[in-house]
Amino acid sequence: LYRLYKDAIIKQYSYPTYTSRMGISIVDNLLLVHHMNTGLVMIFDIMTNNMQPFVSPLPVLCKGSRAAPGGRPAGQASAVALSPSTGSEALSRAAAAHEAKGEGHDGANPFKSGSKVVCVTMSNFLLAMDVGSEMVWMIDLDLDAIAMSCPNRLHTISFLHRRAELKHPQWNPKEMIMGTVKNMVQENEAISVLKQAFEIICYVIASSPGTRPVGPPQFHSPAKITGNNGGLDLEQLHAQIFESLFEDQAVEPEFLFCAMETFYLCSSSFKLRLPPCFFCLMIEMLLVMERFDVLTEYLTGHFFQDSKELAAKLEALSADYPHTTQYAVDMYFRMKEYDECCALLFKHGRLIDALKILKDYHLSSIAPTAFLDAAAEKGDPMVFASVLRFCVEFVPGFNTTAASKYNSFLREMQSDQGDA
């Protein structure tokens, strides 16, 4: 391959073709070398530094007029599928002649014949023109077969990321990517390899339209350039990979948590915000593993991204783990959710703290009289007196009659406490 400049032509790459009788076609970033004698196709990814095919050589599958659209015989792997141009009289005659000879559709494969074949790239599709037989074929990648035949899963993910779903309607590159990553986690792939896979995914999502571009960290990955994110969504990735594996108990919790932690660190390096359900699942896994020390350390160090959903999760755990209430309060406070913070403190009987937030941030979500009723129920005269003083000094319309009523109640409370 050569790069053409205005005043120079510079050689960039050199690929082994292993034959002199070949046809060449280009599909996006892929160089397809068709061996005329064997009918096999070698696929090179010019986006990588690998000068060898990134997938094992695969045959060509010819889909004749009787083949179902997007269909492939069971168990037959192929690199590309050749679909004949519809309405071609020459094709019909050629196909009929091959069937009469018992050769089937594969006998009409232009890459296995002796006629001259010209491959040309069009705007949205590829054509292979068999000049000798006057036939025109459309070239389509067989994503499933290529993905299954690729020995390096990082190359598989990079390959699938660059495939636009509109160009491959019979395949779903997004689902195939998630399936590949899920299998890697389920089979306890090395964390270092998982990290590279996660970096590819995070880089693609961060570089997609509508996402603020950020500079990628320095890492060696086959995904040097990516042009399509396949509609990947972080919440869907979480549901179909991590949550699914946890619910099915398909992976040891320790390894799954380590994988999730690695994914979070990768996403943070690209400034991606993960969905709250991701951190709720991490907390749930720590409780299952009884790693309370790690949970406390992560909550204290603000390891998890703040969210109302995560704060509600911590609040729900307070019945079994009372110390999580304060972490929920702190999280609400950092997010400036003062109404939620006040309500949570009020619910757990921390009336003075709740009243202070009510006063400092001029909240109206809880009536001051509700604080008086809660203080009376609490039975602590010091707390009740403090709340009553606040109401008298800061609550407009808190009339003297009401004040005298609560003052008499305070005297009775103090009297009862003195008798005791």
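The model shown is predicted, which means the values in this text are computed figures rather than measured ones.

Each value, and the rule that gives it
Residues numbered from 1 in each chain as written. Predicted model: local features only at pLDDT ≥ 70, side-chain atom pairs only at ≥ 80, totals over all residues. Heavy atoms only, no water. Helix = DSSP H or I, 4+ residues; strand = E, 2+ residues; numbered from the N terminus. Buried < 20%, exposed > 50% of the residue type's maximum accessible area, 1.4 Å probe, protein only. Contact = heavy atoms within 4.5 Å. Areas by Shrake-Rupley, 256 points an atom, 1.4 Å probe, with all protein chains shown as cover. Axes fitted to C-alpha atoms, helices over the stretch in contact; angles between N-to-C directions. Parallel < 35°, antiparallel > 145°, perpendicular 65-115°, else oblique. Left-handed = near helix turned anticlockwise from the far one by under 90°. Nonpolar A, V, L, I, M, F, W, Y, C, P; charged D, E, K, R; others polar. Pairing = 2+ DSSP bridges. Core = buried A, V, L, I, M, F, W, Y, C linked by side-chain atoms within 4.5 Å. Salt bridge = Lys/Arg side-chain N within 4 Å of Asp/Glu carboxyl O. pLDDT = per-residue confidence, 0-100. Expected span 1.5 Å × (residues − 1). Phe/Tyr/Trp six-rings, centres within 6.5 Å; stacked < 30°, edge-to-face > 60°.

This part takes up the overall build of the chain. When helices and strands are tallied, the chain shows 16 helices and 10 strands. For the chain, the residues scored as buried account for 44% of the 420 residues in total. In the chain, of all internal contacts separated by at least 6 residues, the share reaching a separation of at least 24 is 55%. About 21800 Å² of surface is accessible on the chain, with carbon and sulfur atoms providing 53% of the total.

Packing of helix α5 (residues 191-207) against helix α7 (residues 253-269) brings their axes to within 9 Å, and their N-to-C directions diverge by 40 degrees. Between α5 and α7, the crossing angle belongs to the class labelled oblique. At the point where α5 passes α7, the crossing takes the right-handed sense. Across the interface between the two elements, I191, L194, K195, F198, E199 and C202 from α5 touch F255, C258, A259, T262, F263, C266 and S267 from α7. A class-by-class count of the residues in the contact of α5 with α7 yields nine nonpolar, two polar and two charged.

Let us now look at the packing of helix α4 (residues 173-186) against helix α6 (residues 234-247). It is at 10 Å that the axes of α4 and α6 come closest, and there the two elements cross at 30 degrees. The orientation of α4 with respect to α6, classified from their angle, is roughly parallel. You can see that α4 and α6 cross each other, and the crossing is right-handed. For the pair α4 and α6, contact is made by K174, E175, M178, V181, K182, V185 and Q186 and by Q236, L237, Q240, I241, S244 and L245, respectively. Residue classes in the contact of α4 with α6 are distributed as six nonpolar, four polar and three charged.

Most of strand β4 (residues 30-35) is tucked away, with six of its six residues classed as buried. Of the two faces of β4, the one carrying L30, L32 and H34 and the one carrying L31, V33 and H35 are both buried. Once strand β3 (residues 22-27) ends, the chain turns through two residues before running back antiparallel as β4, passing D28 with a positive phi of about 55 degrees. Counting the residues between successive antiparallel strands, the hairpin from β4 to strand β5 (residues 40-45) contains four residues, one of them, G39, with a positive phi of roughly 80 degrees.

Turning our eyes to something else, we now look at the nonpolar core. In terms of nonpolar packing, the biggest core is built from 107 residues, with L237, F242, L256, F263, F278, F304 and F371 touching the most fellow members. The dominant element in this core, judged by the number of residues it contributes, is α5, at 10 residues. When residues no more than four places from it in sequence are discounted, the contact partners of F371 are C342, F346, L351, A354, L355, L358, I366 and V387. Grouped together as the second largest cluster of nonpolar side chains are five residues, Y15, L31, M42 and F44 included.

Looking now at the pattern of salt bridges. By the definition in use, this model includes 10 salt bridges. The partner of R163 in a salt bridge is D28, and the shortest N-O contact between them spans 3.5 Å. Of this pair, R163 sits in the loop between α3 (153-161) and α4 while D28 sits in the loop between β3 and β4; the two residues are 135 residues apart in sequence, bridging distant segments of the chain. Overall, the relative accessible area of 40% leaves D28 in the partly exposed class. A salt bridge links K313 to E284, with the shortest nitrogen-to-oxygen separation between them at 3.8 Å. Linking K313 in helix α10 (residues 308-316) with E284 in helix α8 (residues 276-288), this pair joins segments that are 29 residues apart in sequence.

With that settled, the discussion passes to the confidence of the model for the chain. Residue-level pLDDT values for the chain average 79, and 72% of them are 70 or greater. Low pLDDT, under 50, characterises residues 86-92; the predicted model gives this stretch six contacts beyond four residues in sequence or across chains. Segment residues 214-230: pLDDT under 50, and 42 contacts once partners within four positions in sequence are set aside and those in other chains are kept.

Attention now moves to α4. For α4, spanning 14 residues, the distance from its first C-alpha to its last is 20 Å, which sits close to the expected 20 Å at 1.5 Å a residue. If you check which residues of α4 are buried, you get P173, K174, M176, I177, M178, T180, V181, M184 and V185. Where α4 is buried, its residues touch α2 (143-149), α3, α5, α6 and α7. The positive-phi residue at the C-terminal boundary of α4 is N188, with phi of around 55 degrees.

Further remarks concern unusual backbone geometry. Positioned with a positive phi, N188 is a non-glycine residue whose angle comes to about 55 degrees. Along the polypeptide, N188 turns up in the loop between α4 and α5. Residue K271 is not a glycine yet carries a positive backbone phi of 60 degrees. In this structure, K271 sits in the loop between α7 and α8.

Centre-to-centre distance and the angle between the planes together describe a pair of aromatic rings. Evaluation of the coordinates by the stated rule reveals 22 aromatic pairs. Residues Y264 and F279 carry aromatic rings whose centres are separated by 5.0 Å and whose planes lie at 85 degrees to one another, so their mutual orientation is edge-to-face. Taken together, the residues span a long stretch of sequence, with Y264 in helix α7 and F279 in helix α8 at a distance of 15 residues. Just as Y264 is buried, F279 falls in that class too. Put simply, the rings of F198, F242, F257, F263, Y264, F278, F279, Y298, F303 and F304 pair up and form one aromatic cluster.

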